[in-house]
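Report on the structure
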Amino acid sequence: MRILTATAVNDQPVSRTEAEVLFEINEAATERTDGGCFDDLLAKAVAHYAASASGLKVPPRSVALSADTEIESWAPSYASKVNSEMLEWIAGQMRGKRQNNRRLMAMVATFLGATALPLAGQLPNVFDIGM
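I will try to describe carefully the structure that is included in this document. (Residues numbered from 1 in each chain as written. Predicted model: local features only at pLDDT ≥ 70, side-chain atom pairs only at ≥ 80, totals over all residues. Heavy atoms only, no water.)

**Here's the deal with the packing of aromatic side chains**
The description of an aromatic ring pair uses the distance of the two centres, along with the angle that the planes make with each other. All told, the structure shown has two aromatic pairs when counted by the stated rule. With 5.8 Å between their ring centres and 75 degrees between their planes, F23 and W89 make a pair best called edge-to-face. Here F23 is found in helix α1 (residues 16-28), whereas its partner W89 is found in helix α4 (residues 84-94), with 66 residues between them in sequence. No difference in accessibility class separates F23 from W89, as the two residues are buried. Each ring, one from Y49 and one from W89, has its centre 5.0 Å from the other, and the planes form 70 degrees; the classification is edge-to-face. Here Y49, found in helix α2 (residues 37-53), pairs with W89, found in helix α4; they are 40 residues apart in sequence, far enough to count as distant. Across the pair, exposure class does not vary: Y49 and W89 are buried alike. Put simply, the rings of F23, Y49 and W89 pair up and form one aromatic cluster. (Phe/Tyr/Trp six-rings, centres within 6.5 Å; stacked < 30°, edge-to-face > 60°. Helix = DSSP H or I, 4+ residues; strand = E, 2+ residues; numbered from the N terminus. Buried < 20%, exposed > 50% of the residue type's maximum accessible area, 1.4 Å probe, protein only.)

Okay, structure coming up:
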């Protein structure tokens, strides 16, 4: 995490490349025993990237990625605020992965918002992963 919150990059949004590397780590490290800490970091980093790439204001990385900061305190709560290309990118990153991330799935469901509740039961099929 320290590299993601280094002083030199603290005020920059998480980049697509950084988010993709975290997805790769998530897939490779299937036997983690971190109590969900990496899942939380991945969801926050992806939300930080997606929100900033959608033109939304995001907090500094040291705040957004902190284990002490709840993602709901700063991440967009509805898809209308997040660029649809970002939602498609997230779905593409999640599709077909062995390692599912419940925290990330919850974030995506939040992005989709209450208007998409009928889709909630279909999320595993939409993203081609099981819950």
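Once you've had a look at it, read on.
**Observations concerning the packing of α1 against α2**
At a closest axis distance of 9 Å, the pairing of α1 and α2 adopts a crossing angle of 155 degrees. As summarised for this structure, α1 and α2 are arranged roughly antiparallel, according to the angle between their axes. Between α1 and α2 the crossing geometry is left-handed. Between α1 and α2, the contacting residues are R16, A19, L22, F23, I25 and N26 on the first element and F38, D39, L42, A45, V46 and Y49 on the second. Along the lines of polarity and charge, the residues of the contact of α1 with α2 split into nine nonpolar, one polar and two charged. (Axes fitted to C-alpha atoms, helices over the stretch in contact; angles between N-to-C directions. Parallel < 35°, antiparallel > 145°, perpendicular 65-115°, else oblique. Left-handed = near helix turned anticlockwise from the far one by under 90°. Contact = heavy atoms within 4.5 Å. Nonpolar A, V, L, I, M, F, W, Y, C, P; charged D, E, K, R; others polar.)

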